[in-house]
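An overview of the molecular structure
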Amino acid sequence: MKYCIAILLVCASYASFGQAFTYPVIQTQGNSLEEFIPKGWVALDSASGDLNKDGRADIALVIQRQDSVLLVNGFGDTVLTNPRVLLVLFRDRDQKRYTLAEQNNSFIMNHDEPIMDDPFEDIGIQKGVLELRFRLFY
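Below is a summary of the structure that appears in this document. It should be emphasised that the depicted structure is a prediction, and the values quoted were computed from it without experimental measurement.

A word on the packing of aromatic side chains
- A complete count under the given rule lists 3 aromatic pairs for this structure.
- Judged by centre distance (4.9 Å) and plane angle (75°), the rings of Phe21 and Tyr23 are edge-to-face.
- The class of Tyr23 is partly exposed, set by a relative accessible area of 26%.
- Their ring planes at 65° and their centres at 6.1 Å tell us that Phe120 and Phe134 sit as a pair that is edge-to-face. With a gap of 14 residues between them, Phe120 in strand β8 (residues 120-126) and Phe134 in strand β9 (residues 129-134) connect regions that are remote in the sequence.
- Taken together, the ring pairs in this structure connect Phe107, Phe120 and Phe134 into an aromatic cluster.

Printed below as a string of structure tokens:
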């Protein structure tokens, strides 16, 4: 009986670590910022400003998965982290809807090293330029 339980526990642990992570598909249009945040994700930071020089306030948004997942970092190590996504949303002419202009799944650095501080500091839009600030400190 002990062996059966041990085998079941080992199989369950392999199944939980063997799940493949996929980044979410973000909807292409919405009326509010919240509509672009998939279930299980949260807004980490956002900024508002005119990015495409049309006189309307666009939004840049960094979202983060609530639950941690195992991913391979740049050194080939498997680490536990919360994936992040950069979204850029353009406001339409009627200023009623936003359109997804960009989704980047790799630009925002993850906190994937236990001995380092979180590298992402903040996001901003100044004079039509998207600014992302990072800090690397071990």
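Let's talk about the environment of Glu102
- Of note, Glu102 is situated in strand β7 (residues 98-104).
- When its relative accessible area of 39% is taken as the criterion, Glu102 is described as partly exposed.
- Residues Glu102 and Leu87, spaced 15 residues apart in sequence, show a C-alpha to C-alpha distance of 5.6 Å.
- If we ignore the near neighbours within four places in the chain, the residues touching Glu102 are Leu86, Leu87 and Val88.

A look at the pattern of salt bridges
- By the definition in use, this model includes 6 salt bridges.
- Arg135 is the salt-bridge partner of Asp117, the closest N and O atoms lying 3.6 Å from each other. With a gap of 18 residues between them, Asp117 in the loop between β7 and β8 and Arg135 in the segment after β9 connect regions that are remote in the sequence.
- Taking relative accessible area as the criterion, Asp117 reaches 33% and is therefore assigned partly exposed.
- Across the salt bridge formed by Glu131 and Arg133, the nearest N and O atoms sit 2.9 Å from each other.
- Here the salt bridges share partners, and the residues they tie into one network are Asp117, Glu121 and Arg135.

Considerations on the nonpolar core
- Grouped together as the largest cluster of nonpolar side chains are 14 residues, with contacts concentrated most on Ile26, Phe36, Ile63, Leu87, Leu89 and Leu100.
- Sorting the residues of this core by element identifies β3 (58-65), β4 (69-72), β6 (84-91) and β7 as the ones contributing at least two each.
- Once you skip the residues sitting within four places of it in the chain, Leu87 turns out to touch Ile26, Phe36, Ile59, Ala60, Leu61, Ile63, Leu100, Glu102 and Gln103.

Comments concerning the environment of Tyr98
- Assignment of secondary structure puts Tyr98 in strand β7.
- Between the C-alpha atom of Tyr98 and that of Val88, which follows or precedes it by 10 residues, the distance is 9.5 Å.
- When sequence neighbours within four positions are dropped, the list of residues in contact with Tyr98 reads Thr28, Gln29, Gly30, Asn31, Phe36, Ala57, Ile59, Leu89, Phe90 and Arg91.
- In terms of polar contacts, Tyr98 uses its side chain to reach the side chain of Arg91, at 2.9 Å.

Topic: the sheet that holds β6
- In spatial order, the strands read β1-β7-β6-β3-β2; together these 5 strands make up an open sheet with antiparallel pairing. Among the strands making up the open sheet, the edge pair consists of β1 (29-30) and β2 (41-49).
- The pairing of β2 with β3 spans 8 bridges and is antiparallel. From the neighbouring strand, Ala43 faces β3, where its bridge partner is Ile63.

Procedures and definitions
Residues numbered from 1 in each chain as written. Predicted model: local features only at pLDDT ≥ 70, side-chain atom pairs only at ≥ 80, totals over all residues. Heavy atoms only, no water. Phe/Tyr/Trp six-rings, centres within 6.5 Å; stacked < 30°, edge-to-face > 60°. Buried < 20%, exposed > 50% of the residue type's maximum accessible area, 1.4 Å probe, protein only. Helix = DSSP H or I, 4+ residues; strand = E, 2+ residues; numbered from the N terminus. Contact = heavy atoms within 4.5 Å. Salt bridge = Lys/Arg side-chain N within 4 Å of Asp/Glu carboxyl O. Core = buried A, V, L, I, M, F, W, Y, C linked by side-chain atoms within 4.5 Å. Polar contact = N/O pair within 3.5 Å; in protein donor to acceptor, adjacent residues only side chain to side chain. Pairing = 2+ DSSP bridges.

No statement about biological role is implied by the geometric values presented.
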